[in-house]
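# Structural description and commentary
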Amino acid sequence: MGRKARYSAEEKISAVQEYLDGKGSMKTIAQRLGIAFQSFKQWVKNYEAMGIDAFKTNHNKHYSKAEKEQAVAAYLAGEGSHMEICQKFKILSTSQLRSWIKKYNGHEELKASRMGDTGIMTKGRKTAFNERVEIAAYCINHDHNYTETSEKFKVSYQQARNYTVKYENGGINALQDNRGKRKSENSLSEIEKLQAELKMEKAKRKKAEMETSFLKKLDAIERRRG
């Protein structure tokens, strides 16, 4: 195809907007720009996930170790294609994700893109039952974003993930700490358990409402295009 063309952020946004406005297909726009179809598709997905910041952020965007691990784990769990995982986790290119997966499968440590780039805790801390309920509820309500949850509650990424997974697999009782003789947790009253369950139900209901609203908006956009 010859020398690879370079486009400014404004030109990329204009091309993507042209597609989103129904003024051309991905294929025809990519051909006119002289770029690969997959490259233009990546522009569109990045724009849908990050807005104009997808193009104003340069290719040296930094990712934390936890962010990389979260994206790789999601892909290996079958939660989406390379493109879909990039869109979900706001990764600028599928080649970055593929590189992380290759390193992970080769048992190579995924390190942060730069030193000291996040405040995410790598070591856990002790948490009370009510905290674990709050953490799991928040994580469920925020699309299972373990990185964001760990930052908000000052716990490790692994704790945020474990509490959420434990609740989803075993319910409220799975969040109790049964180690040692922590009588206060092992003898939770029925009222306390009901309050915790109510909090989780509210979180799930809010998430479901947000998803329904999003699907309605998506359906309206597709009808306008049709």
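Residues numbered from 1 in each chain as written. Predicted model: local features only at pLDDT ≥ 70, side-chain atom pairs only at ≥ 80, totals over all residues. Heavy atoms only, no water.

- With an unreviewed UniProt entry as reference, the protein chain is termed Transposase, source organism Coprococcus comes.
- Taken from UniProt, the Sequence similarities (unreviewed entry) comment for the protein chain reads in full: "Belongs to the IS150/IS1296 orfA family." (UniProt positions renumbered as here; feature names shortened; annotations may be inferred.)

## Details of the overall build of the protein chain
- Assigned secondary structure in the protein chain consists of 12 helices and 0 strands.
- Along the protein chain, helices (α) and strands (β) appear in the sequence α-α-α-α-α-α-α-α-α-α-α-α when read from the amino end.
- Relative to its 226 residues, the protein chain shows a buried fraction of 35%.
- Accessible surface for the protein chain amounts to roughly 14500 Å². Of this, 49% is attributable to carbon and sulfur atoms. (Helix = DSSP H or I, 4+ residues; strand = E, 2+ residues; numbered from the N terminus. Buried < 20%, exposed > 50% of the residue type's maximum accessible area, 1.4 Å probe, protein only. Areas by Shrake-Rupley, 256 points an atom, 1.4 Å probe, with all protein chains shown as cover.)

## Considerations on the nonpolar core
- Val 133, Ile 135, Tyr 167, Ile 172, Leu 175 and Met 200 are the most contacted members of the largest nonpolar core, which has 19 residues in total.
- Where this core is concerned, the elements lending two or more residues are helix H8 (129–141), helix H9 (146–153) and helix H10 (157–170).
- When residues in this core are grouped by element, the largest group, 8 residues, is from H8.
- Formed by 15 residues, the second largest nonpolar core is a distinct cluster that contains Ala 9, Leu 20, Phe 40 and Tyr 47. (Core = buried A, V, L, I, M, F, W, Y, C linked by side-chain atoms within 4.5 Å.)

## So, helix H7 (residues 94–105)
- Taking 1.5 Å as the rise per residue, H7 with 12 residues should run 16 Å; its terminal C-alpha atoms sit 16 Å apart, in good agreement.
- Contacts from the buried residues of H7 go to helix H3 (37–50), helix H5 (65–76) and helix H6 (82–89). (Expected span 1.5 Å × (residues − 1). Contact = heavy atoms within 4.5 Å.)

## Here's the deal with the confidence of the model for the protein chain
- Per-residue pLDDT for the protein chain has a mean of 75; in total, 68% of the residues score no lower than 70.
- At the low end of the mean pLDDT range in the protein chain sits helix H11 (residues 183–186), at 46; at the high end sits helix H2 (residues 26–33), at 91.
- Low pLDDT, under 50, characterises residues 114–120; the stretch is placed with 11 contacts to residues that sit more than four places away or in other chains.
- Per-residue pLDDT stays below 50 along residues 180–186; that stretch engages in 11 contacts with residues further than four places along the chain or on separate chains. (pLDDT = per-residue confidence, 0-100.)

## Examining the packing of H5 against H7
- The contact between H5 and H7 brings their axes to 10 Å, and the two run at 85°. For the element pair H5 / H7, the angle class is roughly perpendicular. Counting all contacts with H5, which are made through Lys 68, Ala 71, Val 72, Tyr 75 and Leu 76, the residues of H7 involved are Leu 97, Trp 100, Ile 101, Tyr 104 and Asn 105.
- When the residues that make up the contact of H5 with H7 are grouped by side-chain class, the tally is 8 nonpolar, 1 polar and 1 charged. (Axes fitted to C-alpha atoms, helices over the stretch in contact; angles between N-to-C directions. Parallel < 35°, antiparallel > 145°, perpendicular 65-115°, else oblique. Nonpolar A, V, L, I, M, F, W, Y, C, P; charged D, E, K, R; others polar.)

## A few points about the packing of helix H1 (residues 9–20) against H2
- Put simply, H1 and H2 touch, their axes get as near as 10 Å, and they point 155° apart. Taken together, the axes of H1 and H2 lie roughly antiparallel to each other. The crossing of H1 and H2 is right-handed. Seen from H1, the contacting residues are Ala 15, Glu 18 and Tyr 19; seen from H2, they are Met 26, Ile 29, Arg 32 and Leu 33.
- Per-class residue counts for the contact of H1 with H2 are 5 nonpolar, no polar and 2 charged. (Left-handed = near helix turned anticlockwise from the far one by under 90°.)

## Quick notes on the environment of Thr 127
- Among the secondary structure elements, Thr 127 is positioned in the loop between H7 and H8.
- What makes Thr 127 buried here is its relative accessible area of 7%.
- Linking Thr 127 and Val 155, residues 28 residues apart in sequence, is a C-alpha distance of 8.6 Å.
- Polar side-chain contacts of Thr 127 include one of 2.8 Å to the side chain of Tyr 163. (Polar contact = N/O pair within 3.5 Å; in protein donor to acceptor, adjacent residues only side chain to side chain.)

## Section: the packing of aromatic side chains
- Applying the stated rule across the entire model yields 4 aromatic pairs.
- Pairing Tyr 7 with Trp 43 gives two aromatic rings, centres 6.1 Å apart and planes at 75°, and the pair type is edge-to-face. Taken together, the residues span a long stretch of sequence, with Tyr 7 in the segment before H1 and Trp 43 in helix H3 at a distance of 36 residues.
- A residue is classified by how much of its surface remains accessible, and Tyr 7, at 23% relative accessible area, is partly exposed. (Phe/Tyr/Trp six-rings, centres within 6.5 Å; stacked < 30°, edge-to-face > 60°.)

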